[in-house]
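# Structure assessment
If you want the building blocks of each chain, they are given just below.
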Amino acid sequence: AQSVAQPEDQVNVAEGNPLTVKCTYSVSGNPYLFWYVQYPNRGLQFLLKYITGDNLVKGSYGFEAEFNKSQTSFHLKKPSALVSDSALYFCAVRDPGSNDYKLSFGAGTTVTVRA
Amino acid sequence: DAGVTQSPTHLIKTRGQQVTLRCSPKSGHDTVSWYQQALGQGPQFIFQYYEEEERQRGNFPDRFSGHQYPNYSSELNVNALLLGDSALYLCASSLAGGPGSPLHFGNGTRLTVT
(Lines give C-alpha, C1' and ligand atoms only; values in the text may rest on other atoms or scores of the structure.)
Protein backbone atom coordinates (compact mmCIF):
# COMPACT_ATOMS: atom_id res chain seq x y z
CA ALA A 1 0.00 0.00 0.00
CA GLN A 2 1.14 3.51 -0.72
CA SER A 3 0.72 6.48 1.56
CA VAL A 4 2.09 9.90 2.43
CA ALA A 5 2.27 11.77 5.69
CA GLN A 6 2.37 15.52 6.17
CA PRO A 7 3.41 15.92 9.79
CA GLU A 8 2.49 19.59 10.10
CA ASP A 9 -1.10 20.75 9.90
CA GLN A 10 0.03 24.37 9.69
CA VAL A 11 3.16 26.29 8.75
CA ASN A 12 3.48 30.00 9.45
CA VAL A 13 6.27 32.13 8.01
CA ALA A 14 7.00 35.80 7.43
CA GLU A 15 7.11 37.12 3.89
CA GLY A 16 10.62 36.93 2.49
CA ASN A 17 11.62 34.02 4.74
CA PRO A 18 12.24 30.48 3.52
CA LEU A 19 9.26 28.16 3.41
CA THR A 20 9.41 24.39 3.93
CA VAL A 21 6.47 21.99 3.88
CA LYS A 22 7.31 18.45 4.95
CA CYS A 23 6.23 15.16 3.39
CA THR A 24 7.24 11.56 3.96
CA TYR A 25 6.07 8.65 1.88
CA SER A 26 5.66 4.89 2.00
CA VAL A 27 5.65 2.67 -1.09
CA SER A 28 6.94 -0.78 -1.88
CA GLY A 29 9.03 0.34 -4.85
CA ASN A 30 10.36 3.55 -6.34
CA PRO A 31 7.80 6.33 -5.95
CA TYR A 32 6.34 8.93 -8.20
CA LEU A 33 5.88 12.01 -5.98
CA PHE A 34 3.84 15.14 -6.53
CA TRP A 35 3.01 18.43 -4.84
CA TYR A 36 -0.26 20.25 -5.36
CA VAL A 37 -1.63 23.55 -4.02
CA GLN A 38 -5.27 24.35 -3.33
CA TYR A 39 -6.74 27.83 -2.94
CA PRO A 40 -10.13 28.34 -1.25
CA ASN A 41 -13.06 26.91 -3.19
CA ARG A 42 -10.80 25.73 -5.99
CA GLY A 43 -9.43 22.46 -7.26
CA LEU A 44 -5.84 21.33 -6.85
CA GLN A 45 -3.10 22.87 -8.97
CA PHE A 46 -0.01 20.89 -9.89
CA LEU A 47 3.28 22.38 -8.63
CA LEU A 48 5.96 19.79 -9.36
CA LYS A 49 6.80 16.11 -9.55
CA TYR A 50 9.63 13.66 -9.01
CA ILE A 51 9.76 10.67 -11.33
CA THR A 52 13.44 9.84 -11.65
CA GLY A 53 16.79 11.55 -12.04
CA ASP A 54 17.97 14.62 -10.18
CA ASN A 55 16.81 14.60 -6.58
CA LEU A 56 16.12 18.35 -6.66
CA VAL A 57 13.15 19.21 -8.82
CA LYS A 58 11.96 22.68 -9.69
CA GLY A 59 8.36 23.60 -10.30
CA SER A 60 5.91 26.43 -10.69
CA TYR A 61 5.96 29.76 -8.83
CA GLY A 62 9.53 29.34 -7.58
CA PHE A 63 8.86 26.14 -5.63
CA GLU A 64 11.27 23.23 -5.51
CA ALA A 65 11.38 19.90 -3.72
CA GLU A 66 14.10 17.49 -2.73
CA PHE A 67 13.68 13.74 -3.00
CA ASN A 68 15.53 11.86 -0.27
CA LYS A 69 15.27 8.10 -0.67
CA SER A 70 17.05 7.19 2.55
CA GLN A 71 14.70 9.36 4.59
CA THR A 72 11.67 8.61 2.36
CA SER A 73 10.96 12.32 2.21
CA PHE A 74 9.95 14.84 -0.42
CA HIS A 75 9.89 18.25 1.26
CA LEU A 76 8.59 21.28 -0.61
CA LYS A 77 10.65 24.45 -0.39
CA LYS A 78 10.63 28.05 -1.48
CA PRO A 79 13.59 30.32 -0.74
CA SER A 80 11.54 33.49 -0.21
CA ALA A 81 7.84 33.17 0.60
CA LEU A 82 5.16 35.55 -0.64
CA VAL A 83 1.84 36.42 0.99
CA SER A 84 0.21 34.98 -2.12
CA ASP A 85 1.73 31.57 -1.28
CA SER A 86 -0.78 31.26 1.56
CA ALA A 87 -2.82 28.18 0.66
CA LEU A 88 -3.34 24.48 1.37
CA TYR A 89 -0.56 22.20 0.12
CA PHE A 90 -0.86 18.48 -0.60
CA CYS A 91 1.81 15.88 -1.14
CA ALA A 92 0.84 12.81 -3.20
CA VAL A 93 2.46 9.51 -4.14
CA ARG A 94 1.99 6.78 -6.70
CA ASP A 95 3.74 3.42 -6.85
CA PRO A 96 4.38 2.81 -10.57
CA GLY A 97 5.60 -0.71 -9.92
CA SER A 98 2.21 -1.91 -8.79
CA ASN A 99 -1.08 -2.11 -10.65
CA ASP A 100 -2.17 0.90 -8.64
CA TYR A 101 -3.18 3.81 -10.82
CA LYS A 102 -4.37 6.18 -8.14
CA LEU A 103 -2.57 9.06 -6.47
CA SER A 104 -2.69 8.91 -2.68
CA PHE A 105 -2.76 12.29 -0.97
CA GLY A 106 -1.67 13.47 2.43
CA ALA A 107 -4.01 15.35 4.75
CA GLY A 108 -2.59 18.69 3.69
CA THR A 109 -0.61 21.51 5.27
CA THR A 110 -2.04 25.00 5.57
CA VAL A 111 0.60 27.62 4.85
CA THR A 112 0.14 31.15 6.10
CA VAL A 113 2.62 33.81 5.02
CA ARG A 114 2.31 37.04 7.02
CA ALA A 115 3.25 40.39 5.58
CA ASP B 1 -7.18 25.31 -24.12
CA ALA B 2 -9.96 24.41 -21.70
CA GLY B 3 -8.94 22.67 -18.55
CA VAL B 4 -11.07 20.23 -16.58
CA THR B 5 -14.63 21.47 -16.20
CA GLN B 6 -17.13 20.21 -13.66
CA SER B 7 -20.83 20.83 -13.23
CA PRO B 8 -22.67 21.86 -11.23
CA THR B 9 -20.47 23.92 -8.93
CA HIS B 10 -22.81 23.57 -5.96
CA LEU B 11 -25.60 21.17 -5.15
CA ILE B 12 -27.91 20.67 -2.19
CA LYS B 13 -29.68 17.34 -1.80
CA THR B 14 -31.74 15.57 0.83
CA ARG B 15 -30.82 12.28 2.48
CA GLY B 16 -31.89 9.32 0.37
CA GLN B 17 -31.82 11.21 -2.91
CA GLN B 18 -29.60 10.48 -5.87
CA VAL B 19 -27.12 12.85 -7.52
CA THR B 20 -25.15 12.97 -10.77
CA LEU B 21 -22.00 15.03 -11.14
CA ARG B 22 -20.38 15.70 -14.50
CA CYS B 23 -16.84 16.22 -15.71
CA SER B 24 -15.19 17.12 -19.01
CA PRO B 25 -11.47 16.32 -19.08
CA LYS B 26 -8.69 18.54 -20.29
CA SER B 27 -8.28 18.45 -24.05
CA GLY B 28 -6.12 15.50 -25.07
CA HIS B 29 -6.63 13.55 -21.85
CA ASP B 30 -8.24 10.12 -21.90
CA THR B 31 -8.37 9.11 -18.24
CA VAL B 32 -10.69 10.50 -15.58
CA SER B 33 -10.38 10.03 -11.83
CA TRP B 34 -12.85 11.07 -9.15
CA TYR B 35 -11.92 12.10 -5.63
CA GLN B 36 -13.92 13.02 -2.54
CA GLN B 37 -12.51 15.77 -0.34
CA ALA B 38 -14.20 16.12 3.03
CA LEU B 39 -13.73 19.34 4.96
CA GLY B 40 -10.23 19.59 6.36
CA GLN B 41 -9.00 16.41 4.69
CA GLY B 42 -7.01 15.38 1.67
CA PRO B 43 -8.70 14.02 -1.45
CA GLN B 44 -9.76 10.37 -1.24
CA PHE B 45 -9.75 8.26 -4.40
CA ILE B 46 -13.17 7.04 -5.51
CA PHE B 47 -12.43 5.45 -8.91
CA GLN B 48 -10.72 5.91 -12.24
CA TYR B 49 -12.14 5.45 -15.73
CA TYR B 50 -10.20 4.61 -18.87
CA GLU B 51 -11.56 3.43 -22.22
CA GLU B 52 -15.08 3.66 -20.79
CA GLU B 53 -14.26 1.07 -18.12
CA GLU B 54 -13.71 1.42 -14.39
CA ARG B 55 -10.02 0.65 -14.14
CA GLN B 56 -9.58 0.99 -10.40
CA ARG B 57 -11.82 1.62 -7.43
CA GLY B 58 -11.11 3.02 -4.01
CA ASN B 59 -12.72 2.10 -0.73
CA PHE B 60 -16.18 3.48 -1.45
CA PRO B 61 -19.50 1.63 -1.32
CA ASP B 62 -21.46 0.53 -4.37
CA ARG B 63 -23.70 3.57 -3.92
CA PHE B 64 -20.95 5.38 -5.79
CA SER B 65 -20.90 4.56 -9.47
CA GLY B 66 -19.62 6.18 -12.59
CA HIS B 67 -19.48 6.24 -16.32
CA GLN B 68 -17.14 7.40 -19.04
CA TYR B 69 -18.36 8.32 -22.50
CA PRO B 70 -16.57 7.89 -25.85
CA ASN B 71 -15.60 11.59 -25.76
CA TYR B 72 -13.84 10.85 -22.42
CA SER B 73 -16.28 12.90 -20.35
CA SER B 74 -17.43 11.26 -17.16
CA GLU B 75 -20.20 11.15 -14.59
CA LEU B 76 -20.22 10.30 -10.92
CA ASN B 77 -23.49 9.00 -9.50
CA VAL B 78 -24.25 8.66 -5.83
CA ASN B 79 -27.41 6.86 -4.70
CA ALA B 80 -29.17 6.88 -1.34
CA LEU B 81 -27.31 9.96 -0.16
CA LEU B 82 -26.11 10.11 3.43
CA LEU B 83 -25.19 13.17 5.47
CA GLY B 84 -21.59 11.93 5.38
CA ASP B 85 -21.52 12.25 1.60
CA SER B 86 -21.34 16.02 1.99
CA ALA B 87 -17.99 16.98 0.49
CA LEU B 88 -16.17 18.58 -2.41
CA TYR B 89 -16.08 16.13 -5.32
CA LEU B 90 -13.10 16.59 -7.56
CA CYS B 91 -12.63 15.30 -11.07
CA ALA B 92 -9.11 14.94 -12.43
CA SER B 93 -7.93 14.01 -15.90
CA SER B 94 -4.64 12.62 -17.15
CA LEU B 95 -2.98 10.69 -19.97
CA ALA B 96 -3.06 6.93 -19.62
CA GLY B 97 0.18 6.54 -21.52
CA GLY B 98 2.09 8.70 -19.09
CA PRO B 99 2.21 7.09 -15.66
CA GLY B 100 4.17 10.04 -14.36
CA SER B 101 1.88 12.59 -15.92
CA PRO B 102 0.23 14.77 -13.28
CA LEU B 103 -3.47 14.88 -12.64
CA HIS B 104 -5.24 18.04 -13.77
CA PHE B 105 -8.12 18.92 -11.45
CA GLY B 106 -11.36 20.75 -11.97
CA ASN B 107 -12.67 23.20 -9.39
CA GLY B 108 -15.00 20.59 -7.98
CA THR B 109 -18.65 20.21 -7.12
CA ARG B 110 -19.62 21.12 -3.56
CA LEU B 111 -22.31 18.65 -2.48
CA THR B 112 -24.32 19.35 0.66
CA VAL B 113 -26.66 16.65 1.94
CA THR B 114 -29.31 17.79 4.43
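Predicted, not measured: the structure shown is a model, and the values here were computed from it. All chains use their own residue numbering, which begins from 1 and follows the written sequence. As a convention, the first chain written is A and the first ligand written is 1, with the rest following in written order. With pLDDT at 70 or above as the cut-off, local features in this predicted model cover only qualifying residues; side-chain atom pairs require 80 or more to be listed or tallied, and sums for whole chains, interfaces and linings still use all residues. Hydrogens and water are ignored here; the side-chain numbers use all heavy atoms of the structure.

## A word on the nonpolar core
Formed by 27 residues in total, the largest nonpolar core has its most connected members in Leu19, Trp35, Leu47, Leu48, Phe74, Leu76 and Tyr89 of chain A. Per the convention used, a helix needs a DSSP run of H or I reaching at least four residues, while a strand needs a run of E reaching at least two, with both numbered from the N terminus. Take this core: its biggest share by element is four residues, from strand S10 (residues 87-94) of chain A. Core analysis: the next-biggest nonpolar cluster, separate from the first, contains 20 residues, Val4, Val19, Leu21 and Ile46 of chain B among them. Residues belong to a common nonpolar core when they are buried Ala, Val, Leu, Ile, Met, Phe, Trp, Tyr or Cys residues joined through side-chain atoms within 4.5 Å. Any residue under 20% of the maximum accessible area for its type is buried, any over 50% is exposed, and the rest in between are partly exposed; the area is computed with a 1.4 Å probe on protein chains only.

## Description of the sheet that holds strand S1 (residues 5-7) of chain B
Note on sheets: strands pair through backbone hydrogen bonds, and any given pair is parallel or antiparallel. All names here are of chain B. Here, strands pair whenever DSSP counts at least two bridges between them. Across the sheet, four strands lie side by side as S1-S3-S8-S7; this open sheet has antiparallel pairing. Both edges of this open sheet fall to S1 and strand S7 (64-68), since each of them pairs with a single strand only. Across the sheet, the axes of successive neighbouring strands diverge by a mean angle of 20 degrees, strand direction being ignored. Inspection of the sheet shows strand S3 (residues 19-24) paired to strand S8 (residues 74-78) by five bridges, in the antiparallel sense. Bridge pairing links Thr20 to Asn77 in S8. Angles run from 0 to 180 degrees between N-to-C directions of axes, and those axes are lines fitted to C-alpha atoms, restricted for helices to the stretch in contact.

## Describing the state of the cysteines
Disulfide assignment relies on a single distance test, namely cysteine sulfur atoms paired within 2.5 Å. Taken as a whole and assessed by the stated rule, the structure comprises two disulfides over all chains. Shown here is the disulfide that connects Cys23 of chain A with Cys91 of chain A, its sulfur atoms set 2.0 Å apart. Here the disulfide of Cys23 of chain A and Cys91 of chain A is left-handed, its torsion about the S-S bond being about -60 degrees. Pair noted here: Cys23 of chain A is in the loop between strand S3 (19-21) and strand S4 (24-26) and Cys91 of chain A is in strand S10, with a separation of 68 residues, a long-range link. Assigned by exposure class, Cys23 of chain A and Cys91 of chain A land together as buried. The disulfide partner of Cys23 of chain B is Cys91 of chain B, and the S-S distance across this bridge is 1.8 Å. Residues Cys23 of chain B and Cys91 of chain B share a disulfide whose torsion about the S-S bond is about -60 degrees; that sign makes it left-handed. On the criterion of sequence distance, the pair formed by Cys23 of chain B in strand S3 and Cys91 of chain B in strand S9 (residues 87-94) is long-range, its members being 68 residues apart. Residue Cys23 of chain B is classed as buried on the basis of its relative accessible area, which comes to 2%.

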